Amino acid sequence: WSIGFQLSFAATSGILLLRRPLRDRLRPVPSWIAEPVAIGLAAQAAVFPLIAVHFDKVSVASVPANVVAAGLVAPATITGLAAGVLSILSQQLAGPLFVLAGFPTGALEGVARRFGRSELSQISVPNFGSFELIATLLGLAAIGLWLNRRGWSARWLALAAGIVMTAALIAPAAVSAPPGLRVTFFDVGQGDAALVESPG
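Residues numbered from 1 in each chain as written. Predicted model: local features only at pLDDT ≥ 70, side-chain atom pairs only at ≥ 80, totals over all residues. Heavy atoms only, no water.

Novice: Residues and numbers for the confidence of the model for the protein chain, please.
Specialist: Of all residues in the protein chain, 86% attain a pLDDT of 70 or more, and the chain-wide mean is 81. Summarising per-element confidence for the protein chain, the mean pLDDT is lowest in helix α6 (residues 151-176) (65) and highest in helix α4 (residues 91-116) (90). (pLDDT = per-residue confidence, 0-100. Helix = DSSP H or I, 4+ residues; strand = E, 2+ residues; numbered from the N terminus.)

Right, dumping it as structure tokens:
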């Protein structure tokens, strides 16, 4: 039930289910751009509803940040791992590799810091509750099926997402109406009017 596990599970699921169809849609784009964009979009789409529920805000900077950072991840991982393994044998031999690993790692940190300070780094989504979560997940599933060319299933899921989202918009108004509130609608043929009477 931890938030970290939910986000990791969602991001991994998004990448496994959506990366390939998104990558196929971006076929004219060079692979060194298309691949990180597809991975970023897939992961971000999957974690978006959970982030909105838990934190009341979402980031739209993560996809461009991933594109910029994509080329730095492999060098940072490989040199860091090699330095870690070599340090078991000799700290002195591993030293230069750790220094070398510091360059891509520092650059990754800089990218994260730069995009984190961007105006796009956080968009507020207050009151994102259960209805919105379910509607968004259904919508994402519909997009996934559509990307995988399963049109009819996608349409049914999109319809379900629309119904749930409509309920999400109507339910708060129904619940928040004060007791004793009375609304009368007058239909007089050539026009109409509404009379709202509050308890006071």
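Novice: Describe the pattern of salt bridges, and please don't skip the residues or the numbers.
Specialist: Taken as a whole and judged by the stated rule, the model has 5 salt bridges. With a closest N to O distance of 2.8 Å, R19 and E35 form a salt bridge. Placement of R19 in helix α1 (residues 3-25) and of E35 in helix α2 (residues 31-55) is noted, with a sequence separation of 16 residues between them. Judged by its relative accessible area of 25%, E35 falls in the partly exposed class. Linked through salt bridges whose partners overlap, the residues forming this network are R19, R23 and E35. (Salt bridge = Lys/Arg side-chain N within 4 Å of Asp/Glu carboxyl O. Buried < 20%, exposed > 50% of the residue type's maximum accessible area, 1.4 Å probe, protein only.)

Novice: Tell me about the nonpolar core, and please be specific about residues and values.
Specialist: Listed in full, the 11 residues of the largest apolar core are A10, A11, A43, A46, V47, L50, I51, A52, V58, V125 and F128. Of all the elements in the fold, those that place two or more residues in this core are α1 and α2. Ranked by the residues each element gives to this core, the list is headed by α2, at 6 residues. The contacts of A46, once residues within four sequence positions are left out, are A10, A11, G14 and L140. Ranked by size, the runner-up nonpolar core spans 5 residues in total, among them L18, L22, A38 and L147. (Core = buried A, V, L, I, M, F, W, Y, C linked by side-chain atoms within 4.5 Å. Contact = heavy atoms within 4.5 Å.)

Novice: Could you give an account of a nonpolar patch on the surface, naming the residues involved and the relevant values?
Specialist: Among the surface-exposed residues, L181, V183, F185 and V196 lie close enough to one another that they form a single nonpolar patch of about 400 Å² accessible area. Mapping V183 onto the fold places it in strand β3 (residues 182-187). (Patch = residues over 30% accessible without salt bridge, like charges linked within 9 Å, V, L, I, M, F, W, Y side chains within 5 Å. Areas by Shrake-Rupley, 256 points an atom, 1.4 Å probe, with all protein chains shown as cover.)

Novice: Can you lay out the environment of A142 for me, pointing to particular residues and giving the numbers?
Specialist: Within the secondary structure, A142 is located in helix α5 (residues 130-147). Taking the relative accessible area as the measure of exposure, A142 reaches 7% and is therefore buried.

Novice: Any details on the packing of α1 against α5? Residues and values, ideally.
Specialist: Remark: α1 packs on α5, axes separated minimally by 9 Å, with the N-to-C direction vectors making an angle of 55 degrees. Judged by the angle between their axes, α1 and α5 are oblique. As α1 runs across α5, the sense of the crossing is left-handed. Side by side, α1 and α5 meet where L18, P21, L22 and R25 of the first sit next to G144, W146 and L147 of the second. Classifying every residue of the contact of α1 with α5 gives 5 nonpolar, 1 polar and 1 charged. (Axes fitted to C-alpha atoms, helices over the stretch in contact; angles between N-to-C directions. Parallel < 35°, antiparallel > 145°, perpendicular 65-115°, else oblique. Left-handed = near helix turned anticlockwise from the far one by under 90°. Nonpolar A, V, L, I, M, F, W, Y, C, P; charged D, E, K, R; others polar.)

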